[in-house]
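Per-entry structural report
One-letter residues, chain by chain:
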Amino acid sequence: MEQLAHSIDPFISLLGIFVLAVFVGYYVVWNVTPALHTPLMSVTNAISSVIIVGALLAVGAGAIASGSTIAMIFGFLALVLAAINIFGGFMVTSRMLAMYKKKGK
Amino acid sequence: MSANLAAVLYLVSGALFIMALRGLSSPATSRQGNLFGMTGMAIAVLTTLALARPVGLLPWALIIGGLAIGAVIGGITAKRIPMTAMPQLVAAFHSLVGLAAVFVAAAAFYAPDAFGIASNGIIHSQSRIEMALGAAIGAVTFTGSVIAFLKLDGRMSGAPILLPARHAINIVLGLALLFFIYGFFDSQSPIDFWLIVAISLALGLLLIVPIGGADMPVVVSMLNSYSGWAAAGIGFTLANTALIITGALVGSSGAILSYIMCKGMNRSFLSVIMGGFGGESAGPAAKGETKPVKQGSADDAAFMMKNAETVIIVPGYGMAVAQAQHALREMADHLKKSGVTVKYAIHPVAGRMPGHMNVLLAEANVPYDEVFELEDINSEFAQADIAFVIGANDVTNPAAKEDPASPIYGMPVLEVWKAKTVMFIKRGMSSGYAGIDNGLFWRDNTLMLFGDAKKMTEEINKSLG
């Protein structure tokens, strides 16, 4: 068994995380109140820009060391796009959420 | 920073993103949820910087410069955008995620060592597939969202544009895409990589062009889902749990929203995606019927509503177009002062994106506990004196319940006709998106108020005030 555990490809554990996260997403999203579906879209938009980590790796880490200017350019473009989304997405979400008020206020 | 610590921190950031969505289960907890989301993002970015340790001036300049550009553009957009433009803003943001995914995949392709996915310049075969999928989905998301943006923003006609033999073209492109993904997997050739991107860009364009404006709630949700799957694809390439968790969350979120929207229209996802349904300017379906409709003035409407006990307001896309939400809330305030109970009824597909009406009403300071979803309020129309329909049509059509021959038969509708009186604010007698007549217009207990939604509401306010 020990040996078996060691021989498992790391991809499989990532796949496991992915599958479980799909289920978590399924249940969490069904719990979102329909009134907040627009903020849901803008916030999922913002968090999917976590793809910025790929851009940071390209710009910051090896791209320059390995001398690939093309990779660095693509990384930088991705960085700008993802950053627009992160700042824009979270800010517009909080602007929307600030508007939802209860009665009597 | 050790790789293990980084992995744990990425996991924390993924968990914070789950909490961010969890917060949206109620408006009261939503703001805190958004903070969780921002924290998660900050952790992911800082962890990556600590892990990658950029050396030298140029990388730091690029990183800080890139973030600053993003902060300025994103911040200004978020501050200035009017709430009525939210659907197109979300579509525009989706296109950025899609394009960013393509660029990250390209960066990984040209510097695979930086991402630790290659040995001796040969990219691991598994990473090649993930990279190809990430780039393909990202590219479809990009052009698809651009088209959705143009349609929602009115820069392109909302009417479906039907190419001859479009299904055949799409199938051929789809097969070609699979072929080149296999080719890329086999050869790691840059030509194959860019062909994958090019074909996917074309596919995104062709898939969304034939879909009509009012089906955009489904399209926007679907693209939301795609942007998630693209992020997950890149996440596998980078073996990054934050990306994988986020991709899965966003992917399922978008898929669920598309499902809810399709159910709200009683149409299958496939029929929406195939496109060609409806047209913005279907025009009046002139069947030679010239039955008289009862037309009223703002004064009539004001008088009747003032003397009512309960008024249920049904907003639709027309309210968004006319920006009538503030005038509407003012009207509700006047009515409440006269002792009238006012509620709002929201159809799931009212507007151009999920939750569109709720945001606009919230913007106009309508308390969210006065706003009800279809299944919660439908039984109350029978006790209501007045159903006040502003800029909605198809979602109130009794044909959906009564006429099995109608194209919208079976669609859940707001049963406004059960109220003692129904008022419609409309610019004219034209039919709605589905291109069919609404029999309610000719009923005896219906009062038609012809005019722009905002102007008409303001006139009602004048006679109420």
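Residues numbered from 1 in each chain as written. Chains lettered and ligands numbered in written order. Predicted model: local features only at pLDDT ≥ 70, side-chain atom pairs only at ≥ 80, totals over all residues. Heavy atoms only, no water.

Residue and element names in this part refer to chain B. Summarising burial for strand E8 (residues 446–450): four of the five residues are buried, a large majority. Relative to E8, strand E7 (residues 421–426) runs parallel, the two sharing five bridges. The partner of Phe424 across the bridge, within E8, is Met448. (Buried < 20%, exposed > 50% of the residue type's maximum accessible area, 1.4 Å probe, protein only. Helix = DSSP H or I, 4+ residues; strand = E, 2+ residues; numbered from the N terminus. Pairing = 2+ DSSP bridges.)

So, about unusual backbone geometry. A negative phi angle is the norm for most residues apart from glycine, just as the trans form is the norm for most peptide bonds. One non-glycine residue, Arg53 of chain B, adopts positive backbone phi at about 40°. Turning to its location among the elements, Arg53 of chain B is positioned in the loop between helix H2 (27–52) and helix H3 (57–80).

Let's shift gears to the sheet that holds strand E6 (residues 386–390) of chain B. Residues and elements named next belong to chain B. Taken in spatial order, the six strands of this open sheet run E5-E4-E3-E6-E7-E8, and their pairing is parallel. Lying at the two open borders of the sheet, with one neighbouring strand each, are strand E5 (371–373) and E8. Each strand of the sheet is rotated relative to its neighbour by a mean of 25°, with strand direction disregarded. Bridge analysis of strand E3 (residues 310–315) against strand E4 (residues 341–346) gives four bridges, and the strand direction is parallel. From the neighbouring strand, Val311 faces E4, where its bridge partner is Val342. Sitting on the sheet, helix H13 (residues 325–337) is in contact with E3, E4 and E6, with an inclination near 145° to E4. Contacting E3, E4 and E5, helix H14 (residues 356–363) crosses the sheet at an angle of about 145° to E4. (Axes fitted to C-alpha atoms, helices over the stretch in contact; angles between N-to-C directions. Contact = heavy atoms within 4.5 Å.)

Turning our attention to the nonpolar core. Residues and elements named next belong to chain B. In terms of nonpolar packing, the biggest core is built from 194 residues, with Met305, Phe388, Val416 and Ile460 touching the most fellow members. For this core, the element with the most residues is helix H4 (residues 86–110), which contributes 17 residues. When sequence neighbours within four positions are dropped, the list of residues in contact with Ile460 reads Ala298, Ala301, Ala302, Met305, Met331, Phe388 and Leu449. (Core = buried A, V, L, I, M, F, W, Y, C linked by side-chain atoms within 4.5 Å.)

Here we take up the pairing of E3 of chain B. Counting buried positions over the six residues of E3 of chain B gives six, a clear majority of the element. Every second residue of E3 of chain B is oriented toward a common face, with Thr310, Ile312 and Val314 of chain B on one face and Val311, Ile313 and Pro315 of chain B on the other, all of them buried.

On to the interface of chain B and chain A, then. Chain B puts 103 residues into the contact, and the matching count from chain A is 83 residues. Here chain B packs against chain A, burying approximately 8200 Å² in sum over the two surfaces, 81% of which is carbon and sulfur. Counting every contact that joins chain B to chain A gives zero salt bridges. Linking chain B with chain A are 16 residue pairs in polar contact (both at pLDDT 80 or more). The set of elements that each furnish at least two residues to the side of chain B that touches chain A consists of helix H1 (3–23), H2, H3, H4, helix H5 (125–152), helix H8 (216–238), helix H9 (241–265) and H14 of chain B. For the side of chain B that touches chain A, a count of residues per class yields 70 nonpolar, 24 polar and nine charged. (Buried area = accessible area lost by both parts, 1.4 Å probe. Salt bridge = Lys/Arg side-chain N within 4 Å of Asp/Glu carboxyl O. Polar contact = N/O pair within 3.5 Å; in protein donor to acceptor, adjacent residues only side chain to side chain. Nonpolar A, V, L, I, M, F, W, Y, C, P; charged D, E, K, R; others polar.)

Looking now at the packing of H1 of chain B against H9 of chain B. All names here are of chain B. Axis separation between H1 and H9 bottoms out at 7 Å; the angle between their running directions is 20°. Between H1 and H9, the angle is such that the two are roughly parallel. Judged by the sense of rotation from one axis to the other, the crossing of H1 with H9 is right-handed. On H9, the residues that touch Ala7, Tyr10, Leu11, Ser13, Gly14, Phe17, Ile18 and Leu21 of H1 are Thr241, Ala242, Ile245, Thr246 and Leu249. (Parallel < 35°, antiparallel > 145°, perpendicular 65-115°, else oblique. Left-handed = near helix turned anticlockwise from the far one by under 90°.)

Okay, the packing of aromatic side chains next. Residue and element names in this part refer to chain B. Under the defined criterion, the tally for this structure stands at 18 aromatic pairs over all chains. Between the aromatic rings of Tyr182 and Phe185, the centroid separation amounts to 6.2 Å while the plane-to-plane angle is 50°, which identifies the pairing as tilted. Of this pair, Tyr182 and Phe185 are both found in helix H6 (residues 166–187), three residues apart, which corresponds to roughly one turn of the helix. Residue Phe185 is classed as partly exposed on the basis of its relative accessible area, which comes to 30%. One cation-aromatic arrangement involves Lys343 over Phe372; the distance from NZ or CZ to the ring centre is 5.4 Å. A cation over a ring is seen here: Arg352 above Tyr317, with NZ or CZ 3.6 Å from the ring centre. (Phe/Tyr/Trp six-rings, centres within 6.5 Å; stacked < 30°, edge-to-face > 60°. Lys NZ or Arg CZ within 6 Å of the ring centre and 35° of its normal.)

Before going further, it helps to spend a moment on the confidence of the model for chain B. Residue and element names in this part refer to chain B. The pLDDT averaged across chain B works out to 88; a share of 96% of its residues lies at or above 70. Segment residues 278–288 is flagged for pLDDT under 50; beyond a separation of four residues in sequence, or across chains, it makes 18 contacts in the model. Under the prediction, the complex receives an ipTM of 0.91, its pTM being 0.88. (pLDDT = per-residue confidence, 0-100.)

In this section: the environment of Ala139 of chain B. Residues and elements named next belong to chain B. Among the structural elements, Ala139 can be located in helix H5. Between the C-alpha atom of Ala139 and that of Ile199, which follows or precedes it by 60 residues, the distance is 8.6 Å. Once residues within four sequence positions are removed from consideration, Ala139 is found in contact with Gly98, Val102, Val197, Ser200 and Leu201.

What follows is about the environment of Gly40 of chain B. Residue and element names in this part refer to chain B. The topology assignment puts Gly40 in helix H2. Sequence separation between Gly40 and Tyr10 is 30 residues; the distance between their C-alpha atoms is 8.5 Å. Ignoring sequence-local partners within four residues, the contact set of Gly40 consists of Ser13, Leu16 and Phe17.

The next thing to look at is a negative patch on the surface. On the surface, Asp299, Asp300, Glu330, Glu458 and Glu459 of chain B cluster together into a negatively charged patch. Tracing the sequence through the fold places Asp300 of chain B in helix H11 (residues 298–306). (Patch = residues over 30% accessible without salt bridge, like charges linked within 9 Å, V, L, I, M, F, W, Y side chains within 5 Å. Areas by Shrake-Rupley, 256 points an atom, 1.4 Å probe, with all protein chains shown as cover. Lys, Arg positive; Asp, Glu negative; His and termini not counted. Charge placed at Lys NZ, Arg CZ, Asp CG, Glu CD.)

Turning our eyes to something else, we now look at the pattern of salt bridges. Residue and element names in this part refer to chain B. Applying the stated criterion across every chain, the model contains nine salt bridges over all chains. For Lys336, the salt bridge identified is with Glu370, shortest N-O distance 2.8 Å. Linking Lys336 in helix H13 with Glu370 in the loop between H14 and E5, this pair joins segments that are 34 residues apart in sequence. On the basis of relative accessible area, Glu370 is assigned to the buried category, the value being 4%. Close ionic contact of Arg443 with Glu402 constitutes a salt bridge, the shortest N to O distance being 3.4 Å. Here Glu402 lies in helix H16 (residues 399–402) and Arg443 lies in the loop between E7 and E8, a separation of 41 residues in the sequence. On the basis of relative accessible area, Arg443 is assigned to the partly exposed category, the value being 30%. Relative accessible area serves as the criterion here: at 48%, Glu402 is assigned to the partly exposed category. A network of salt bridges, in which partner residues are shared, links Lys401, Glu415 and Lys418.

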